[in-house]
Amino acid sequence: MGFNIIFSSTGVINFAQGEFCMFGGLFAFTLAVTAHLPLVLAVILAILITGLIGVLTERLIIHPLRHISMLVMIIATVGASILFKAVGRIFWPLESNPLPQFTSGQVRLLGITVSRQIFWVIGLTAIAVAAVYIFYNRTRTGIAMRACSINPQAASLMGINVQRMAMYAFGLSALLGALAGLVNAPSTNYHIGFYLGIKGFTAAVIGGLGNIFGAVLGGIALGLVEELVAGIISSGYRDLIAAVILITVLLVRPAGLLGKRDVVKV
Amino acid sequence: MMTAGTFRGTENPSTGRLIAWLKRKRAVLLFALVMASLPLWEGPVSDLISVRLLYTLRLVGIYAIVAVGLNLLIGYAGQVSMGHAAFFGIGAYTSAILATRLGWPSWLTIVLATIMAAVIGIALGWVVLRLKGHYLAMATLSLGIIAFVLFRELLPLTGGNDGINYIPRLSLPGMTINSKVGEYFFIWVIAILVLLFAQNVITSRTGRALKALDFSEVAADAMGVNVALHKIKVFTLSAALAGLAGGIFAHIQTFIDPKSFDVTLSIMLVTMVVIGGMSSIWGAVAGAAVISFIPKVVEALPKWFGNVPDWVKNYSNYQALVLGLLLVLTIVFMPSGITRGLADFVKFRKSPFNNPFRRRRWE
């Protein structure tokens, strides 16, 4: 439940976002299990490599297209997503690439047995959210990035290098994506990215795009509703929930539960 | 080639009009002629290149019908849809269910499949077309997922993961089409009619309105174009064409399951439109052909060159990689697609890799 809220915090809409999660989990798997690196080192390396992939994606695919329409850009990120997925499938063809849990075992809490992994999920989520919040509000680069998302032209008049900020944004969202993938990593495979992407986007939209805490709330809400529906109706319909919620929220309350009005209606 | 003026003096005005029409549509008609003659020389060529032409071209025709509709929506009206597999699937399931449960003839069920997809298209289009850009893309993608899950979960209707078997073959009133050649003609007659129709749509008042609202919805609105209505119109048209193609698809395959209509298909359809060339009707056909032929050609490679590396033989694993690469490379280097890019190259000696499309939009 907790994993999909992290990477949605960035507010960057990118169809390949889910694939960044996939890379995070898969790289960590290779480094930790195949290359026998210590888990902490493997995790950090995996996150950094995925961040690098994010930056490369921006430079090679998004940057050359910056003068063309939004439509082309959307399709380009979709292309990138297919490409990444295919690469993932070629190098990690297994259905399940389990990463050892950070701490194994289960604890009983208030009468419910929960896996210890969940504490890592919640803890890392909290840390990531705090870090992103500080970055966006307290550092020059973070403030510049927010300026770019509000109005690129004005930002560029203020001497901000908009292109570079776009690159940073992609790198950062890839980093967070990788983290999300890692936390979820007990089993990661090549086709995990797609649904993660959709769910992350849904979480972000529920909370309101560009609103970090909204995205966190959206993630929690989505996770809960999914579990409920899977429990009450049928687990087959689980993947449907995010899609239905997404459309409904986009139409009924396009700004999300907490966000400011952003979607332009006809 | 004679000039149009030659026909003005023709005694019978309707003959003149007919000739003018033939002249205007000469590209499509020539194409139709080539396609019609294909079964005559298909055999030797198929043997030569080890690709079963007719067999593959049936699929190309089906995908071309969808891609032409999708191109009207994406290329001309600028409304992206990542969920057209849903309409393709709705068409296929409608036709399959009606034909297997009620035993209705397939020509009738295909018509009903088209209508079904159109009706659902109107309803969904009315809802989602309020959104734009990323939001529209995500919403249509979600529609695709919803449709896929419904195909899989509505067991009594769709047979779940097992799909529907023993779908009767294509038929016309009074005859059943059993042969490959028959199916080929059935599909391509429809495909060429769709091509002609789409060309007429583009040059019509509606077509101009669509281009206008792609360029700027505000400007189009100010010019008196009913933006919302036109968007729904073109969405419905593309949904109907997808339903039509899906209906035919079901009767060609005689077996359908949810996997054939997942998100991959939606993305493949968009890839066809982009590779062929957005806002180009021929581009949609070319895109459908490229995407359908790639796997067949790769399959045939061992017969051309004898030994090929193992990874070529295991192509199905790499198909997504090739599709993704093609999509990204086309978008980055040839954003107006292969047909427009090559046409510019031939006409203006302009490199297809740098064309006016790139500078058309705002900065």
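All values reported here derive from a predicted model rather than from experimental measurement.

Novice: Help me understand the overall build of chain B, please; the structure alone is not making it clear to me.
Specialist: Along the backbone of chain B there are 17 helices and two strands. Long-range pairs, those at least 24 residues apart, make up 74% of the contacts in chain B between residues at least 6 apart in sequence. Taken as a whole, chain B presents about 16,500 Å² of accessible surface, with 67% of it coming from carbon and sulfur.

Novice: For this particular structure, what's the right way to read the packing of helix α5 (residues 106-128) of chain B against helix α11 (residues 227-253) of chain B?
Specialist: Residue and element names in this part refer to chain B. As a packed pair, α5 and α11 sit with axes 7 Å apart at the nearest point and diverge in direction by 145 degrees. The two elements α5 and α11 meet at a crossing, and its hand is right-handed. Residues Ser106, Thr109, Ile110, Ala113, Thr114, Ala117, Ala118, Gly121, Ile122, Leu124, Gly125 and Trp126 of α5 form the contact with α11, whose participating residues are Ile232, Phe235, Thr236, Ala239, Ala240, Gly243, Leu244, Gly247, Ile248 and His251. Looking at the contact of α5 with α11 residue by residue, the class counts come to 13 nonpolar, nine polar and no charged.

Novice: Can you help me understand the packing of aromatic side chains in this one?
Specialist: Two descriptors summarise a pair of aromatic rings, namely the distance from one centre to the other and the angle between the planes of the rings. All names here are of chain B. The tally for this structure, following the rule as stated, stands at 11 aromatic pairs over all chains. Judged by centre distance (5.8 Å) and plane angle (70 degrees), the ring pair of Phe31 and Trp188 falls under edge-to-face. Highlighted residues: Phe31 in helix α2 (residues 26-49) and Trp188 in helix α8 (residues 180-203), separated in sequence by 157 residues. We classify Trp188 as buried; its relative accessible area is 4%. Pairing Phe31 with Trp282 gives two aromatic rings, centres 5.1 Å apart and planes at 80 degrees, and the pair type is edge-to-face. Separated by 251 residues along the polypeptide, Phe31 in helix α2 and Trp282 in helix α13 (residues 281-305) bring together distant segments of the chain. Of the residues examined, Trp282 reaches a relative accessible area of 28% and is grouped as partly exposed. Among the aromatic residues, those joined into a ring-pair cluster are Tyr63, Phe88, Tyr93, Phe151, Phe249 and Phe261. In this arrangement the basic side chain of Arg130 is found over the ring face of Trp126, its NZ or CZ atom lying 4.7 Å from the centre.

Novice: Which parts of the structure should I look at to understand the confidence of the model for chain B?
Specialist: If pLDDT is low for a region, its predicted coordinates should not be looked at in detail. All names here are of chain B. Put simply, chain B has an average pLDDT of 82, and 88% of its residues get 70 or more. The low-confidence segment residues 1-6 (pLDDT under 50) makes five contacts with residues lying over four places distant or belonging to another chain. Note on residues 354-363: pLDDT under 50 across the span, and 25 contacts to partners over four residues away in sequence or across chains.

Novice: I keep staring at a nonpolar patch on the surface and nothing clicks. Help me out?
Specialist: On the surface, Leu30, Leu33, Val34, Leu40 and Trp41 of chain B cluster together to form a nonpolar patch covering roughly 560 Å² of accessible area. Among the structural elements, Val34 of chain B can be located in helix α2.

Novice: Quick question: what am I supposed to make of unusual backbone geometry here?
Specialist: What you tend to see is this: most non-glycine residues have negative phi, and most peptide bonds are trans. Residue and element names in this part refer to chain B. If you check the backbone angles, Tyr166 has positive phi at about 50 degrees while not being a glycine. Secondary-structure assignment places Tyr166 in the loop between α7 (155-158) and β1 (171-172). Accessibility expressed as a relative area gives 74% for Tyr166, which makes it exposed.

Novice: Sorry, what's going on with α5 of chain B here?
Specialist: Since one α-helical turn is 3.6 residues long, residues separated by three or four positions face the same way. Across its 23 residues, α5 of chain B extends 31 Å between first and last C-alpha, which sits within 8% of the 33 Å expected from 1.5 Å per residue. Listed as buried for α5 of chain B are Ser106, Thr109, Ile110, Ala113, Thr114, Ala117, Ala118, Gly121, Gly125 and Val128 of chain B.

Novice: Could you clarify how one ought to interpret the nonpolar core in this entry?
Specialist: The nonpolar side chains of a soluble globular protein tend to be buried, and buried together. Counting 178 residues, the largest nonpolar core has Ile75 of chain A together with Trp188, Ile248 and Ile256 of chain B as its most contacted members. Counting residues per element, this core draws most heavily on helix α3 (residues 53-76) of chain B, which supplies 17 residues. Setting aside residues up to four positions removed in sequence, Trp188 of chain B forms contacts with Phe31, Met35, Leu57, Arg58, Val60, Gly61 and Val285 of chain B.

Novice: What should I look at first to understand the pattern of salt bridges in this one?
Specialist: Pairing between side chains of opposite charge can happen when their charged atoms approach one another. Residues and elements named next belong to chain B. Inspection of the entire model under this criterion finds four salt bridges over all chains. Arg169 is the salt-bridge partner of Glu183, the closest N and O atoms lying 2.7 Å from each other. Of this pair, Glu183 sits in helix α8 while Arg169 sits in the loop between α7 and β1, and the two are 14 residues apart along the sequence. Close ionic contact of Glu217 with Lys231 constitutes a salt bridge, the shortest N to O distance being 2.9 Å. Here Glu217 is found in helix α10 (residues 217-222), whereas its partner Lys231 is found in helix α11, with 14 residues between them in sequence. You can call Lys231 buried: its relative accessible area is 1%. Here the residues in one salt-bridge network are Arg58, Arg169 and Glu183, joined through shared partners.

Novice: In this structure, what is going on with the environment of Ile267 of chain B? I would like to understand it.
Specialist: Within the fold, Ile267 of chain B resides in helix α12 (residues 263-276). Discounting chain neighbours no more than four positions away, the residues touching Ile267 of chain B are Val78 and Ile82 of chain A.

What counts, and where the lines are drawn
Residues numbered from 1 in each chain as written. Chains lettered and ligands numbered in written order. Predicted model: local features only at pLDDT ≥ 70, side-chain atom pairs only at ≥ 80, totals over all residues. Heavy atoms only, no water. Helix = DSSP H or I, 4+ residues; strand = E, 2+ residues; numbered from the N terminus. Contact = heavy atoms within 4.5 Å. Areas by Shrake-Rupley, 256 points an atom, 1.4 Å probe, with all protein chains shown as cover. Axes fitted to C-alpha atoms, helices over the stretch in contact; angles between N-to-C directions. Left-handed = near helix turned anticlockwise from the far one by under 90°. Nonpolar A, V, L, I, M, F, W, Y, C, P; charged D, E, K, R; others polar. Phe/Tyr/Trp six-rings, centres within 6.5 Å; stacked < 30°, edge-to-face > 60°. Buried < 20%, exposed > 50% of the residue type's maximum accessible area, 1.4 Å probe, protein only. Lys NZ or Arg CZ within 6 Å of the ring centre and 35° of its normal. pLDDT = per-residue confidence, 0-100. Patch = residues over 30% accessible without salt bridge, like charges linked within 9 Å, V, L, I, M, F, W, Y side chains within 5 Å. Salt bridge = Lys/Arg side-chain N within 4 Å of Asp/Glu carboxyl O. Expected span 1.5 Å × (residues − 1). Core = buried A, V, L, I, M, F, W, Y, C linked by side-chain atoms within 4.5 Å.

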